[in-house]
Each structure stands twice: as structure tokens, then as C-alpha cells.
Amino acid sequence: MPPRRAAKKVVLVVIDGLTPGMLERGIEEGRVPALSHLVDQGSYRRGVTTFPSVTPVCLTTIATGAHPDVHHIPHLSWYHRGERRIIEYGSSFHAMRAVGARQAVRDAVFNMSHSHVSSRATTVFEAVEDAGLVPAAINFTCYRGRTRHPIRLPELATRNRWFEAAYGPKRFFFFNLFESDPTGAPLAVRSRVEGSTDAYAGYVGRWLVTRDGFDFLVFYLPDFDYASHLAGPASPLDALSRADASVGQLMEAAGGPDELLERYAVIVCADHGQTHVDKVASLQESFSDLRVLRGRREDPDASDVAITASNRSGMVYRLPACGASTRELAQRLDGEPAADVVLFREGPLAVARRRGQELRFAPEDGGWGTEGERGLLEDSVYPDALERAWCALACPNAGEVIVSAADGYELADLGGRHHSGGGSHGSLQVGDSVVPIIAAGFGEELGECPSLTELAPFVLSALGVEVPDSMARRAETAGARV
Ligand SMILES: [Zn+2]
């Protein structure tokens, strides 16, 4: 295909774990000049992410413009029915060790983008490159694209049985493992607390903007989330200032904030929110009288359930030897204080339970048909909950039962780790689910309370690229399929 010009070039900035409240506080206190400029020049919205609201699920939603029913990434930690093993993308080092640390790295860095994300979901990078434009990504973990990139550390790859190459966007930079161009950037993972990953992104982003080397760039900044997990979601303005400085580097490289917006439309969003947690529960304990598959050495045929909990959501997989029905597994959590909303499918309906009360729902005539307690998923507390819960349950890799944690609770991961005393996310609740979205320099506006599934099609339209069928499908069509 001959090279072509984008209708408008686009930069998409993703600040991991940024809540609207923190962004607004940063603006009020004058700590985020780059983001403030974008708000002044553009529009600011509160949007809603997908469910479970954890990073691998949310970033894949951003990349594919779809919920997990389409992209197939169900959680940060999940049971792979085909491979009969637990996948762990990195809840904690201890959790990774429980499934085998090398395997966990292989799953997070290679398998997630290459084999776990459904081949029927088109990524925004694939769509951009197929249209003859140049996509670029920095550190973005759902990166599947059309260009083969050999790994930069072949000896390390051989020793750890990593892949020799990854398929990513044409210009691809990933934690020094893959670098499509020699930029001279420092190591990305020197010190997360001091924001070295964001500094790496800033350096590479400056290099790319200086050369005008892309039509579409995803600029991913994970360090704010890291700080927020440690200190809680209301304190790390310093970390946010550092993320802002990385965005500021893009502006400097363009010659100034206005010059950046002359060249590119810019969208800034978070992948999920964060809320304070001070209580921990083990989801495994509610099933301790059953045989629970815990780690890599156990036999799925000799287990009743596999349980994958991480942050503020969890999955219960009913294994073939289990004598209890899915409903019985879900009802065990009626009296568990850490379990807020417990979801499962029953025939054509999805069921949400809380403390013994029940709401049953399914897509109907472009909306939702419901039976039982409609107030159980009140929109102000659980935004867009029916759609998000439905699509989470329709993901073929999800557990039969999905648990959204109660306020203030975290569900310990496979290694027993948690963030109690700090921040966490993952639930259907508003604090974990609502994200800020800034859009500047676009010809069109996003809707009032956009879903993160809308961003990829919005960006493609701005670039003048046709939106693939797999993006932004609504639950009605998902419902017809299951
Ligand atoms: Zn996080």
C-alpha cells in the first residue's frame, strides 16, 4: 500500500491509575502545567473503564476498542482452560513466583499480546498500519501490531526462554526489550519510585516528536499507579507531576504546547481509577472445604475450583471435577464481607448477587431487560455496570463466577500479597471505574460520559482510518453471540 497522510496525527497519553479527583487537584494546585494546558485547549470528561478494572484488561480495551467479551483478556490473573494453568501477568512478585516467574514474564510480555488477545479483535496499531500509516507505542503492554521486532537482549531471551521477536507497531519501544530505533534512552526500570519508566517514555517520546516519526503514538506512563498503590490514591501529587513532565517533554520537542497541538490531536486518559484499601480477604478461604487449584504443581483434574484474585476483583473457575453448581459457588459468597457484587451466568441471563439479593439481566431491544433488585447495581455507585458485567461474563477466559470487592477491601493475590494501607482498583465501583479523559485538537467531541471502548474508534476516525468491525460493538451483539 503506498504511504498516505493521516487526516490528523494523534498522540494518546495513558496515565495509569489517574483518578479525576487527582487530576483536578493537580490542576488547582498548579502542579500539572502540561495537562492543564490540554484541558484549557480541549475538553475534559469523566469516562468509564471496563471490568475488571485492572491494567491488562483496561489497556487491552483501549487498544481494541472493546470489552473482554471481544478481546478475551479477563483479569490480571486467570485460569487458562486450554493450557490448564494459571496465568499471572504480575499482581506481585510473590504471585508470579507461585506460577513460575519466568512463565509469568513470558505471559505478560509476549503471550498476552500475541496469543491471549483474541485474533478476532483488531488492535488500533494493526488498523493504523493496515491503512498505510505509521503507528508507534512506548511501553504499552497490549501492543500487537504488524511489524516484527527482534528482542534487543538475545542472551537474556535464550536464558529465560523468551521469544526472539515480537509483533508490534512499526515504531515500538518496550522497556528496553524492544526498540525499533536507537534513541539513546536510559534504562526504563532503574527506579519505579523515582519514575524512571515515565522518564524513559519522556525521552523516547521527545525523540519521536522531534523527528515527527509517527502518525499515531500511544504514550503510556505507569509510574503514577505504582506510587498510588504504595501511598494511597489521594497523596502522590509528586508522581503525577513527573508524569506531567513527561507529557511536557513532548511539548518541548514540538517547540511548545501550542505547536504540539498544531501538529497533533492529543488525548489523555487513565486506564482505571484507584481507591483506598485497608482490609484484606482471601477469596480462597471461602472455598477451603473444596479442592482449590493454587499453583503450577497441582492437578486441575484433582481440583474443584481454580481461584484467581488480584487487587479488587476475583474469578472462580469451576473445574470439571467440581460437584457444586455455579450458583452454589456464587451463593457461598453471600455472607463474605469482602465480596460486594458476585456475578455469574444462568441460562440466557446474567445474575448479580449482593448479600443474598439478586438482579438478573440480559440485553433487550437496545437496552437491558432486568428482573429482581434493579437498585443492586445503582448507576451512581456502579457506572455502566450492566454492560460491563455482561461483557466480563461473556469473556471466554473469565471464571464462572466473578467477584467485585467491597469498599475498602482488597483480595489477596496468589502469593498472598495486597496493597492494604495504600491504593487499589479492579471492582465495578465508581472510584475504581471512573477515569479522566482530556481531548484537545480533535474536530469532533466525545460523548458526555464515554466508555474507554470509544477511544480507539474516535482516534481512528480522526486519523481518517476505517474503524474495524470488532471495535465498539455493543452488548446487544455480544448477547446474540452467547
Ligand atoms: Zn494498579
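It should be noted that the structure appears before, not after, this text.
Residues numbered from 1 in each chain as written. Predicted model: local features only at pLDDT ≥ 70, side-chain atom pairs only at ≥ 80, totals over all residues. Heavy atoms only, no water.

Trainee: Looking at this structure, how should I read the overall build of the protein chain?
Mentor: Each helix and strand counted, the protein chain has 17 helices and 24 strands in total. Across its three principal axes, the protein chain shows a C-alpha extent of roughly 65 × 50 × 45 Å. Considering the protein chain as a whole, with its 482 residues, one finds that 63% of them fall into the buried category. Partitioning the intrachain contacts of the protein chain with sequence separation of at least 6 by distance along the chain shows that 70% fall at a separation of at least 24. As displayed, the protein chain has an accessible area near 17,600 Å², and 48% of this comes from carbon and sulfur atoms. (Helix = DSSP H or I, 4+ residues; strand = E, 2+ residues; numbered from the N terminus. Buried < 20%, exposed > 50% of the residue type's maximum accessible area, 1.4 Å probe, protein only. Contact = heavy atoms within 4.5 Å. Areas by Shrake-Rupley, 256 points an atom, 1.4 Å probe, with all protein chains shown as cover.)

Trainee: What am I meant to see in the coordination of the zinc ion here?
Mentor: Six octahedrally arranged donors around a metal ideally form angles of 90 or 180 degrees; four tetrahedrally arranged donors ideally form angles of 109.5 degrees. Ligation of the zinc ion by protein atoms is provided by D225 (OD), D225 (OD), H229 (NE2) and H425 (NE2), these donors lying 2.1 to 2.8 Å from the ion. The site at the zinc ion holds four donor atoms, and with the angles between them running 51 to 141°, its shape is irregular. Expressed as a motif, the donor residue spacing for the zinc ion is D-x3-H-x195-H. Of this pair, H229 sits in helix α10 (residues 223-231) while H425 sits in the loop between β23 (423-424) and α15 (430-433), placing them 196 residues apart in sequence. Look at H425 and you get buried, because its relative accessible area is 2%. (Donors = N, O, S within 2.8 Å, 3.2 Å for Na, K, Ca; no water. Tetrahedral: all angles 85-135°; square planar, octahedral: opposite > 155°, others 65-115°.)

Trainee: Honestly, the side chain of H80 in this entry has me stumped. Any pointers?
Mentor: On the secondary structure map, H80 appears in strand β3 (residues 77-80). Classification of H80 as buried rests on a relative accessible area of 15%. Here G82 takes part through its backbone nitrogen, which lies 3.2 Å from a polar atom of the side chain of H80. Beyond its immediate stretch of four places on either side in the chain, H80 contacts R85, I87 and H116. (Polar contact = N/O pair within 3.5 Å; in protein donor to acceptor, adjacent residues only side chain to side chain.)

Trainee: Mind showing me how you'd approach the pattern of salt bridges here?
Mentor: Side chains that differ in sign of charge can pair as their charged atoms come close. Applying the stated criterion across every chain, the model contains 28 salt bridges. A salt bridge links D212 to K9, with the nearest nitrogen and oxygen atoms 3.3 Å apart. Taken together, the positions of D212 in the loop between α9 (196-210) and β10 (216-221) and K9 in strand β1 (residues 9-15) put the pair 203 residues apart, joining distant regions of the chain. Since its relative accessible area comes to 31%, D212 is described here as partly exposed. D130 is the partner of R146 in a salt bridge, and the nearest nitrogen-oxygen pair spans 2.8 Å. Taken as a pair, R146 in the loop between β5 (135-138) and β6 (147-150) and D130 in helix α7 (residues 124-130) lie far apart in primary sequence, 16 residues in all. Given the relative accessible area of 37%, D130 is considered partly exposed. Members of the salt-bridge network, linked through shared partners, are R327, D334, E346, R353, E358, R360 and E371. (Salt bridge = Lys/Arg side-chain N within 4 Å of Asp/Glu carboxyl O.)

Trainee: Whenever I open this one, the sheet that holds strand β19 (residues 357-364) confuses me. Can you help?
Mentor: Strand pairing in a sheet takes place through backbone hydrogen bonds and is either antiparallel or parallel in direction. In spatial order, the strands read β14-β15-β16-β21-β17-β18-β19-β20; together these eight strands make up an open sheet with mixed pairing. The open sheet has two edge strands, β14 (292-293) and β20 (367-372), and neither has a second partner. Bridging between β19 and β20 involves six bridges; their strand directions are antiparallel. Note that in β20 the partner of L359 across the bridge is G372. In this fold helix α14 (residues 385-393) packs onto β17 (339-346), β18 (349-354), β19, β20 and β21 (401-405), with an angle of close to 85° to the strand it touches most, β19. (Pairing = 2+ DSSP bridges. Axes fitted to C-alpha atoms, helices over the stretch in contact; angles between N-to-C directions.)

Trainee: Honestly, the sheet that holds strand β9 (residues 178-179) in this entry has me stumped. Any pointers?
Mentor: The strand order β2-β24-β11-β1-β10-β5-β8-β9 describes an open sheet built from eight strands, whose pairing is mixed. The sheet is open, and its two edges are formed by β2 (43-48) and β9, each paired on a single side. Across four bridges, strand β11 (residues 264-269) lies against strand β24 (residues 434-440) in antiparallel orientation. Residue pairing in the sheet places I267 in a bridge with A439 of β24. Of the strands in this sheet, β1, β10 and β11 are in contact with helix α3 (residues 55-64), which crosses β1 at around 165°.

Trainee: When you look at the state of the cysteines in this model, what are you seeing that I'm missing?
Mentor: Working definition of a disulfide: a covalent bond connecting the sulfur atoms of two cysteines. Scanning the entire structure with this criterion turns up zero disulfides. A disulfide-free cysteine, C58 has its sulfur positioned 9.9 Å from the sulfur of C269, the nearest such atom. When its relative accessible area of 0% is taken as the criterion, C58 is described as buried. For C391, which is in no disulfide, the shortest distance to another cysteine sulfur is to C395 and amounts to 10.0 Å. (Disulfide = S-S within 2.5 Å.)

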